[in-house]
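Overview (structure and organization)
Residues per chain are reported as follows:
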Amino acid sequence: MLADGPNTGCDCCIIGGGPAGLTAAIFLARFRRRAVVFDDRSSRAALIPRSHNHPAFPDGIGGPTLLQRMREQLAALGETTVDTRVTSIVQETDGGFTVTAGELRWHARFLLFATGVEDVLPEIAGALERVREGVLRCCPICDAFEVIGRDLAVVGPGACAAGEALFLRAYSRQITLVTLGGPPQITKQALGRLRAAGVTIVEDEVSKICGDGSGVRVYLADRGLHFDAVYAGLGVRPRTALAASLGVEVDGTGRIKTDASQRCSVAGCYAAGDAVTGLNQIAVAMAQAEIAAVDIHNHLRETEGLCLAPVD
């Protein structure tokens, strides 16, 4: 529901309008709780041309379509998203939170961080647009099944790219690791595994990646290489700076630490989705959001005297 004015109250402020954030909002709305979703439209899911890895969609579904359906479902429940970036969060002495976004402020008993991650892309002109087009892929877990037996490449110099190349080897014998210039920045053991798996290593710099009608062409300094699919193997950056600024504990990779109920280290805070887990999958994000929403609802029921025992 859109804010009524500069100071508005709600049960839960949800930071992030991707699959996790929207799922939590839908569940809370169906619990008859008021949730405000802050969505700056930067969800990683919006970059998915078509996912064949999300259950119940045998023909696949585009990320933008999935998000739009979820927004429509939320709107039908009387809630909507606020297309604004959150700039600050303050924990109040009563245990609640004040969330500031632009000139508006919301007060909430609970927070849920669903801020996700962003893919690290090669420093090549147009890389983000190539992702939107499906020319440059970011998730072999999501779509390697669709390229079984094809000629595949992974772009990146380090362990992440090497690991993805080995992952893809289970789908095809034709795997090339393109290091973006220079030898792979990996251990001798990792290099030995690549060689044993028959992975070809190309150490040239890359000037451009683009679709060529029948696949993808990777342009090097003096030649172009054709592949059926190309993956970025540079990892991800968790979007957790806002949570960390509130004192929420993160792990060594920058992801938010949670317990089995998706609770964070700061009381009243929850997190779900890619910002939490290392398995960046839509279904996982949705499941975590459902767990968090149920726990939030149960805590509110406890304060209202509507449950038999305290919430653990």
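Everything discussed here concerns the structure shown above.
Residues numbered from 1 in each chain as written. Predicted model: local features only at pLDDT ≥ 70, side-chain atom pairs only at ≥ 80, totals over all residues. Heavy atoms only, no water.

1. A closer look at helix H5 (residues 159-168)
- What H5 keeps buried is the set Ala-161, Ala-162, Glu-164, Ala-165 and Leu-168. Looking down the long axis of H5, one finds its buried residues gathered within 160° of arc, a one-sided arrangement. (Buried < 20%, exposed > 50% of the residue type's maximum accessible area, 1.4 Å probe, protein only. Helix = DSSP H or I, 4+ residues; strand = E, 2+ residues; numbered from the N terminus. Arc of directions from axis to C-beta.)

2. Comments concerning the pattern of salt bridges
- One pass over the structure, following the stated rule, counts 16 salt bridges.
- Residue Asp-119 is joined to Arg-44 by a salt bridge in which the shortest nitrogen-to-oxygen separation is 2.7 Å. Taken as a pair, Asp-119 in strand E7 (residues 117-119) and Arg-44 in the loop between strand E2 (35-38) and helix H2 (63-76) lie far apart in primary sequence, 75 residues in all.
- By relative accessible area, Arg-44 is classed as buried at 17%.
- Asp-222 is the salt-bridge partner of Arg-223, the closest N and O atoms lying 3.9 Å from each other.
- On the accessibility criterion, Arg-223 (39% relative accessible area) is partly exposed. (Salt bridge = Lys/Arg side-chain N within 4 Å of Asp/Glu carboxyl O.)

3. Notes on the sheet that holds strand E14 (residues 224-227)
- The three strands are arranged E12-E13-E14 in an open sheet whose pairing can be described as antiparallel. Each of the sheet's edge strands pairs with one partner strand only, and the pair in question is strand E12 (206-211) and E14. In this sheet, neighbouring strand axes are inclined to one another by 20° on average, regardless of whether the strands run parallel or antiparallel.
- Note: E12 against strand E13 (residues 216-220), five bridges, orientation antiparallel. Note on E13: the bridge partner recorded for Gly-211 is Val-216. (Pairing = 2+ DSSP bridges. Axes fitted to C-alpha atoms, helices over the stretch in contact; angles between N-to-C directions.)

4. Let's talk about the packing of aromatic side chains
- According to the stated counting rule, one finds four aromatic pairs in the structure shown.
- Seen in terms of ring centroids, Phe-27 and Phe-31 are 6.3 Å apart; in terms of plane orientation they differ by 80°. Their pairing is edge-to-face.
- When the ring of Phe-167 is compared with that of Tyr-171, the centres are 5.8 Å apart and the planes differ by 35°; the resulting orientation is tilted.
- Exposure remark for Phe-167: the relative accessible area of 34% places this residue in the partly exposed category.
- We note Arg-109 situated over the ring of Phe-110; from NZ or CZ to the ring centre the distance is 4.5 Å.
- For Lys-208, the ring lying beneath its charged end belongs to Tyr-219, and the centroid distance is 4.7 Å. (Phe/Tyr/Trp six-rings, centres within 6.5 Å; stacked < 30°, edge-to-face > 60°. Lys NZ or Arg CZ within 6 Å of the ring centre and 35° of its normal.)

5. Description of a nonpolar patch on the surface
- Side chains of Ile-141, Phe-167 and Leu-279 sit close together on the surface and give an oily, nonpolar patch of about 240 Å² of accessible area.
- Here Phe-167 lies in helix H5. (Patch = residues over 30% accessible without salt bridge, like charges linked within 9 Å, V, L, I, M, F, W, Y side chains within 5 Å. Areas by Shrake-Rupley, 256 points an atom, 1.4 Å probe, with all protein chains shown as cover.)

6. Focus on the packing of helix H1 (residues 19-30) against helix H8 (residues 282-303)
- At a minimum axis distance of 8 Å, the contact between H1 and H8 shows a crossing angle of 35°. In terms of crossing hand, the pair formed by H1 and H8 is right-handed. Residue-level contacts link Pro-19, Ala-20, Thr-23, Ala-24, Phe-27 and Leu-28 of H1 to Ile-282, Ala-285, Met-286, Ala-289, Glu-290, Ala-293, Val-294 and Ile-296 of H8.
- Looking at the contact of H1 with H8 residue by residue, the classes come out as twelve nonpolar, one polar and one charged. (Left-handed = near helix turned anticlockwise from the far one by under 90°. Contact = heavy atoms within 4.5 Å. Nonpolar A, V, L, I, M, F, W, Y, C, P; charged D, E, K, R; others polar.)

7. What to know about the pairing of E13
- Side chains of E13 alternate between two faces, with Val-216, Val-218 and Leu-220 buried and Arg-217 and Tyr-219 left unburied.
- Judged from the four bridges that link them, E13 and E14 form a sheet pairing that is antiparallel. Residue pairing in the sheet places Tyr-219 in a bridge with Gly-224 of E14.

8. Brief notes about the state of the cysteines
- On inspection of all chains with the given rule, the structure shows one disulfide.
- Cys-139 shares a disulfide with Cys-142; S-S distance 2.4 Å. Note on the Cys-139 and Cys-142 pair: the S-S dihedral is about 75°, so by sign convention the disulfide is right-handed.
- Of the residues examined, Cys-139 reaches a relative accessible area of 13% and is grouped as buried.
- On the basis of relative accessibility, which here comes to 21%, the residue Cys-142 falls in the partly exposed class.
- In this model Cys-160 remains outside any disulfide bridge; the closest cysteine sulfur is found in Cys-138, 10 Å from its own. (Disulfide = S-S within 2.5 Å.)

9. Structural notes on the side chain of Thr-240
- By secondary structure assignment, the location of Thr-240 is in the loop between strand E16 (236-238) and helix H7 (241-245).
- Classification of Thr-240 by relative accessible area gives buried; the value is 7%.
- Excluding residues that lie within four positions of it along the chain, Thr-240 makes contacts with Val-250, Gly-254, Arg-255, Ile-256 and Ala-275.

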